[in-house]
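Structural features, examined
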Amino acid sequence: MTTATMDLKQHIRGIPDFPKPGILFYDISTLMRNADAWQVAMGRVTHAVAPWAPDMLAAIESRGFLTAAPLASRLGCGLVMLRKPGKLPGETVSHSYELEYGSDTLHIQADAIVPGQRVVVMDDLLATGGTLAASIALLRKVGANVVGASVLVELTALGGRARLDVPVKALVSYDE
């Protein structure tokens, strides 16, 4: 098998009933621990994101960090972290948002973005789109020009892409 024909879904493990009954969790750790598959995955994400010419990648806590760090290195751009409350030093800007079962808040360091910088948001998963939509809103609050979002896995049946007003690139998609 060549890298061009590698089926990355073969390297993503489905875990039924995690984190709770009725949920099928797509585990990217199996992709990451296979050196060849991980290199192919990062190469494909690089190819997808590079045309957006980002100045900065914004990584959503915590699995977004895993894809954004190697991608920033490949693209030669910066990296900022979007984190939960109390995790970033210095002055932060926050954005609270509703989830299916409660609410959450993301923070960014107040000086992390130069207004107008081209930013791509990175996460591991696009499901309902709530966290990505909140991340885009937070980035815009600090002056970012959000040009796209990239995820490893998209659960298309949950319709999260429709909640986003930026282009989205997904490495793999699942319909169930």
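The name that an unreviewed UniProt entry assigns to the protein is Adenine phosphoribosyltransferase, with the source organism given as Gluconacetobacter aggeris. The annotation that UniProt attaches to the protein under Pathway (unreviewed entry) is "Purine metabolism; AMP biosynthesis via salvage pathway; AMP from adenine: step 1/1." Under Sequence similarities (unreviewed entry), UniProt gives the following word-for-word description of the protein: "Belongs to the purine/pyrimidine phosphoribosyltransferase family."

Moving on to the packing of aromatic side chains. Under the definition given, this model contains two aromatic pairs. Between F18 and F25, the aromatic rings sit 5.2 Å apart at their centres with planes inclined by 80°, giving edge-to-face as the arrangement. Judged by its relative accessible area of 42%, F18 is partly exposed. Ring geometry for Y26 and Y174: centres 3.9 Å apart, planes at 20°, overall stacked. Of this pair, Y26 sits in strand β2 (residues 24-27) while Y174 sits in strand β9 (residues 168-174), placing them 148 residues apart in sequence. In this structure Y26 comes out as buried when scored by relative accessible area, which is 11%.

Okay, the environment of A48 next. Assignment of secondary structure puts A48 in helix α2 (residues 35-49). For the pair A48 and A170, spaced 122 residues apart in sequence, the C-alpha to C-alpha distance is 8.7 Å.

Another point: the UniProt feature "domain: Phosphoribosyltransferase" (unreviewed entry) in the protein. As recorded in UniProt, the feature "domain: Phosphoribosyltransferase" (unreviewed entry) lies at residues 50-154. Span residues 50-154 is 24% helix and 43% strand, its end C-alpha atoms 19 Å apart.

Here we take up the pairing of strand β7 (residues 118-126). Taking burial as the measure, the nine residues of β7 include seven buried ones, the bulk of the element. Where strand β3 (residues 56-60) meets β7, four bridges bridge the pair, whose relative direction is parallel. Paired with M56 across the strands is V119, a residue of β7. Where β7 meets strand β8 (residues 145-155), eight bridges bridge the pair, whose relative direction is parallel. Within β8, the residue paired with D123 across the bridge is V151. Handedness of the β7-helix α4 (residues 130-141)-β8 crossover: right-handed.

Here we take up the sheet that holds strand β4 (residues 78-82). One open sheet accounts for five strands, arranged β4-β3-β7-β8-β9; its pairing is parallel. The sheet is open, and its two borders are formed by β4 and β9, each paired with just one other strand. Taking each pair of neighbouring strands and ignoring which way they run, the sheet shows an average axis angle of 20°.

Rules behind the numbers
The numbering scheme is per chain: residues are counted from 1 as the chain's sequence reads. Note on the predicted model: pLDDT of at least 70 is required for a residue's local features to be given, and 80 or more for side-chain atom pairs to be given and counted; whole-chain, interface and lining totals, by contrast, use all residues. Hydrogens and water are ignored here; the side-chain numbers use all heavy atoms of the structure. UniProt positions are given in the numbering used here, feature names are shortened, and annotations may be inferred rather than shown by experiment. Pairing of aromatic rings covers Phe, Tyr and the six-membered ring of Trp, with a centre-to-centre limit of 6.5 Å; geometry is then stacked below 30 degrees between planes, edge-to-face above 60, and tilted otherwise. Here the term buried applies to any residue with accessible area under 20% of the maximum for its type, exposed to any over 50%, and partly exposed to those in between, with areas from a 1.4 Å probe on protein chains only. Per the convention used, a helix needs a DSSP run of H or I reaching at least four residues, while a strand needs a run of E reaching at least two, with both numbered from the N terminus. Only when DSSP finds a minimum of two bridges between them are two strands counted as paired. Orienting the strands away from the viewer, one traces the path from the first strand over the helix to the second; a clockwise path indicates a right-handed crossover. Working convention: axes come from line fits to C-alpha atoms, limited for helices to the stretch in contact. Angles between N-to-C directions cover 0 to 180 degrees.

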